[in-house]
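In case you want the letters, here they are:
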Amino acid sequence: MPLMVALVSSLMVLSCMGAAAAPLELRNLGVSADTRGLHLGFDVDVVDAAPLWDLLKRGEAVEVRVDATASRRRLGLWNQEVGSAQYRARVQADPVRQECVVTEANQTHAFACAELGRALLRLWRHRDLLLGPFDPSLRQQQYVVQVDFRVVRSDMPVWLTVPLFFLDWDLVPRTRYDVTFDY
């Protein structure tokens, strides 16, 4: 019986953790077009670095995922996809060097963990994703860019997540943004 009480109270604590405000948010979404194609611009804002720092201290890694798809709206038919792109950034702590490491694409950025919040704000400001080629001859059309944003614990063991599938293990649950514009 004490084991059951401990399990129930642990689940209540974990479910209450998900009710807190998101420590990372996607801000300043914008769409632009140039000769290379259609671009999505955004910032990842660090609202509260403490939950992220707590995970990093425990040896966990966190991954920021941004998935974007641009489509041209068509009446009576499915939208025609123009392009898509994704952004991934993995954050982890190196306890030996006492620094935090951010890996994105083919780049690695290291900084002192005491500077976590400020360093991530500088690093994740003014991100640009090339969504694909954009045909300027298709004027006076309506387009929509769908952006999925989430922050996941990338090293969660399967033996834990599968039996407790009903719990949300993400630091920031999936958030979807729709940006609609006319061109």
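Okay, so let's go over this structure. Treat the numbers as computed from the prediction; the structure is a model and nothing was measured.

## Thoughts on the overall build of the protein
Consideration 1: Per the secondary structure count, the protein includes 4 helices and 9 strands.
Consideration 2: If you list the helices and strands of the protein from N to C, you get α-β-β-α-β-β-β-β-α-β-β-α-β.
Consideration 3: Sorting the 183 residues of the protein into buried and exposed places 36% on the buried side.
Consideration 4: If you take every contact in the protein between residues at least 6 apart in sequence, the share linking residues at least 24 apart comes to 63%.
Consideration 5: Of the accessible surface of the protein, which amounts to about 11,200 Å², a share of 55% is contributed by carbon and sulfur atoms.

## Digging into the side chain of Asp43
Consideration 1: Tracing the backbone shows Asp43 in strand β2 (residues 38–46).
Consideration 2: One polar contact links Asp43 to Asn28, side chain to side chain, over a distance of 2.6 Å.
Consideration 3: Residues in contact with Asp43, not counting those within four places in the same chain, are Glu25, Leu26, Arg27, Asn28, Trp124, Arg125, His126 and Arg127.

## Examining the state of the cysteines
Consideration 1: With the rule as written, the count across this model stands at 1 disulfide.
Consideration 2: The disulfide partner of Cys100 is Cys113, and the S-S distance across this bridge is 2.4 Å. A torsion of 115° about the S-S bond marks the disulfide between Cys100 and Cys113 as right-handed. Linking Cys100 in strand β5 (residues 99–104) with Cys113 in the loop between β6 (107–112) and α3 (116–123), this pair joins segments that are 13 residues apart in sequence.
Consideration 3: Taking the relative accessible area as the measure of exposure, Cys100 reaches 0% and is therefore buried.

## Let's talk about helix α2 (residues 50–57)
An α-helical turn contains 3.6 residues, so any two residues separated by three or four positions project in the same direction.
Consideration 1: Within the sequence span of α2, burial applies to Leu52, Leu55 and Leu56. Considered in projection along α2, the buried side chains sweep an arc of 100° and stay on one side of the axis.
Consideration 2: Buried residues in α2 make contact with β3 (62–72), β4 (80–94), β5, α3 and β8 (142–153).
Consideration 3: Just downstream of α2 lies Gly59, where phi reads positive at about 90°.

## Some thoughts on the side chain of Arg72
Consideration 1: Note on placement: Arg72 falls in strand β3.
Consideration 2: Here the side chain of Arg72 touches Gln80 through a polar contact of 2.4 Å, side chain to side chain.
Consideration 3: Side-chain polar atoms of Arg72 contact the side chain of Gln141, separated by 3.1 Å.
Consideration 4: Here Arg72 is in contact with Asn79, Gln80, Val82, Leu138, Gln141, Gln142 and Tyr143, once residues within four sequence places are set aside.

## Examining the sheet that holds β4
Consideration 1: Taken in spatial order, the 6 strands make up an open sheet running β6-β5-β4-β3-β8-β9, and their pairing is antiparallel. In this open sheet, the two edge strands, each paired with only one partner strand, are β6 and β9 (172–182). Going from strand to strand, the sheet's axes swing by 15° on average, the running direction of each strand aside.
Consideration 2: Packing against the sheet, α2 makes contact with β3, β4, β5 and β8, and its axis sits at approximately 60° to β4.

## Some details on the packing of aromatic side chains
Consideration 1: Counted by the stated rule, this structure contains 2 aromatic pairs.
Consideration 2: A centroid spacing of 5.9 Å and a plane angle of 70° characterise the contact between Phe42 and Tyr87, whose relative ring orientation is edge-to-face. Of this pair, Phe42 sits in strand β2 while Tyr87 sits in strand β4, placing them 45 residues apart in sequence. Tyr87 matches Phe42 in its accessibility class, with the two residues each being buried.
Consideration 3: When the centroid spacing of 5.6 Å and the interplanar angle of 15° are considered together, the rings of Tyr143 and Phe181 count as stacked. Taken as a pair, Tyr143 in strand β8 and Phe181 in strand β9 lie far apart in primary sequence, 38 residues in all. For the pair shown, Tyr143 and Phe181 are each scored as buried.

The rules behind each value
Residues numbered from 1 in each chain as written. Predicted model: local features only at pLDDT ≥ 70, side-chain atom pairs only at ≥ 80, totals over all residues. Heavy atoms only, no water. Helix = DSSP H or I, 4+ residues; strand = E, 2+ residues; numbered from the N terminus. Buried < 20%, exposed > 50% of the residue type's maximum accessible area, 1.4 Å probe, protein only. Contact = heavy atoms within 4.5 Å. Areas by Shrake-Rupley, 256 points an atom, 1.4 Å probe, with all protein chains shown as cover. Polar contact = N/O pair within 3.5 Å; in protein donor to acceptor, adjacent residues only side chain to side chain. Disulfide = S-S within 2.5 Å. Arc of directions from axis to C-beta. Pairing = 2+ DSSP bridges. Axes fitted to C-alpha atoms, helices over the stretch in contact; angles between N-to-C directions. Phe/Tyr/Trp six-rings, centres within 6.5 Å; stacked < 30°, edge-to-face > 60°.

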